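Given next are the chains, with one letter for each unit.
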Amino acid sequence: MVTVRAPATSANLGSGFDVFGVALDRPADVVHVERADRTTIEVTGVGSQYIPTDPNRNVVGAVAEALDAPAHIRIDKGVRPSSGLGSSAASSAAAALALNELYDRGLSREELVPIAAEGEAVVSGEAHADNVAPALLGGFTVATDEGVTTIDADIPLVACLPEIVVSTRDARRVVPKQASIDDLVHTVGRAATLSVGMCRRDPRLVGAGMDDRVVTPARAELITGYDEVRSAALAAGADGVTVSGAGPSILAVCGANDRTRVAAAMLEAFDDVDVSAQAYKTRVGSGAEIF
Ligand code: HSE
């Protein structure tokens, strides 16, 4: 048997829609795989009642098929499904690394990124890699059609997860089809600032670089209390706030000593609009680990 832990991730970071991602040091999924004649799936843990065990409908079934690696796969969910924290990517990445090891396929983590992304296609209809790349490689990742580059950044974060369900498919439907040249220039500037901030491990630059005028405002409409929570986090000292992935989680970047205050302010702001939430005080972390 092979066991792999793969972390939650946060994609987009505002200005890097479908490109940027970070691994979070918590929460995480744990996946156990054992050789079998055909793939069967068992799911336990947070939100497991919502996850199909049919290999044709579960992300890890697609990964097992892509690696031609039938197995009994047990997923212990630590990342809530439809959270905006890369729940399906954590399972896909863990399964890809575990099955690669179980069957001695010899693929590198970089080579496993498109295979794990096949799992993403099962849930969102598109095989984007901005969650599976950091889940496998760790750090801050830039996933483009040229491949993935990664920076071992160390940035404190707060991820606040409300009890709201936003499906990735719905969140993709509201993305504007076009953007003006002014918004394009703004986005490029902010994305570049964010990348420099990651290289310098500077939360202020990362926070400034999260600002996005195109995708985030459309998606914020799907999250009850987004404006209130964002304002509260900034007032409590956050350097930047944005929607995490497709939402509904909201991600704040701040100094390490500000995380407790920022997390409390975000939870209180959700409470003020009658939404229950939980907050993870976290940071940019490492990729999937084989036990
Ligand atoms: N980049 C993707 C999106 C990540 O925002 O739709 C969601 O899984």
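All figures in this text were calculated on a predicted structure; none of them were measured in a lab.

1. Let's talk about the overall build of the protein chain
A count of helical and extended segments in the protein chain gives ten helices and eleven strands. Relative to a compact globule of 291 residues, whose C-alpha radius of gyration would be 19 Å, the protein chain shows 18 Å and is just as compact. Referenced to the eigenvectors of the C-alpha coordinate spread, the extents of the protein chain come out at roughly 55 × 40 × 35 Å. Out of the 291 residues in the protein chain, the part that is buried amounts to 56%.

2. Observations regarding the site of the ligand
In the region of the ligand, twelve residues are neighbours, and Ala11, Asp18, Asp130, Gly245 and Ala246 sit closest. Per-element tally for the shell around the ligand: the top contributor is helix H5 (residues 168-173), with three residues. In terms of residue class, the shell around the ligand is made up of three nonpolar, six polar and three charged. For the shell around the ligand, the two domains that each supply at least three residues are domain 1 (1-149 + 283-289) and domain 2 (154-281).

3. Regarding the pairing of strand E6 (residues 147-151)
Judged by which residues are buried, E6 turns out to be one-sided: Val148 and Thr150 face inward and are buried, whereas Gly147, Thr149 and Ile151, on the alternate face, are not. Bridging between strand E5 (residues 140-144) and E6 involves five bridges; their strand directions are antiparallel. Directly across from Thr141, in E6, lies its bridge partner Thr150. The turn joining E5 and E6, which pair antiparallel and follow one another in sequence, is formed by two residues.

4. A few points about the nonpolar core
Ala93, Ala252 and Met266 are the most contacted members of the largest nonpolar core, which totals 95 residues. Each of domain 1 (1-149 + 283-289) and domain 2 (154-281) accounts for three or more of the residues forming this core. If we ignore the near neighbours within four places in the chain, the residues touching Ala252 are Leu157, Val158, Ala233, Ala238, Val241, Val262 and Met266.

5. Here we look at the UniProt feature "domain: GHMP kinase C-terminal" (unreviewed entry) in the protein chain
Listed under "domain: GHMP kinase C-terminal" (unreviewed entry) in the UniProt record, and renumbered for this structure, are residues 197-271. Regarding residues 197-271, the helix share stands at 53% and the strand share at 11%, and the terminal C-alpha atoms are separated by 32 Å.

6. What to know about the packing of helix H9 (residues 226-235) against helix H10 (residues 259-272)
For the pair H9 and H10, the least separation of the axes is 8 Å and the interaxial angle reads 150°. With respect to H10, the axis of H9 lies roughly antiparallel. Considering how the two elements wind past one another, H9 and H10 form a crossing that is right-handed. Facing Glu228, Val229, Ala232, Ala233 and Ala235 of H9, the residues of H10 in contact are Val262, Ala265, Met266, Glu268, Ala269, Phe270 and Asp272. Residues that form the contact of H9 with H10 fall into these classes: nine nonpolar, no polar and three charged.

7. Remarks on the sheet that holds strand E10 (residues 277-283)
Spatially, E8-E9-E7-E10 is the arrangement adopted by the four strands of the open sheet, whose pairing is antiparallel. Lying at the two open borders of the sheet, with one neighbouring strand each, are strand E8 (240-243) and E10. Neighbour-to-neighbour, the strand axes of the sheet open up by a mean angle of 20°, direction not taken into account. Looking at chain direction, strand E7 (residues 156-162) and strand E9 (residues 250-253) are connected through four bridges and run antiparallel.

Quick notes on the rules
- Residues numbered from 1 in each chain as written.
- Predicted model: local features only at pLDDT ≥ 70, side-chain atom pairs only at ≥ 80, totals over all residues.
- Helix = DSSP H or I, 4+ residues; strand = E, 2+ residues; numbered from the N terminus.
- Rg over C-alpha atoms; globule rule 2.2 N^0.38 Å.
- Buried ≥ 20, exposed ≤ 12 C-beta atoms within 10 Å, placed from the backbone.
- Near = placed C-beta within 6 Å.
- Nonpolar A, V, L, I, M, F, W, Y, C, P; charged D, E, K, R; others polar.
- Domains from an automatic or database assignment.
- Pairing = 2+ DSSP bridges.
- Core = buried A, V, L, I, M, F, W, Y, C linked by C-beta atoms within 7 Å.
- Contact = placed C-beta atoms within 7 Å.
- UniProt positions renumbered as here; feature names shortened; annotations may be inferred.
- Axes fitted to C-alpha atoms, helices over the stretch in contact; angles between N-to-C directions.
- Parallel < 35°, antiparallel > 145°, perpendicular 65-115°, else oblique.
- Left-handed = near helix turned anticlockwise from the far one by under 90°.

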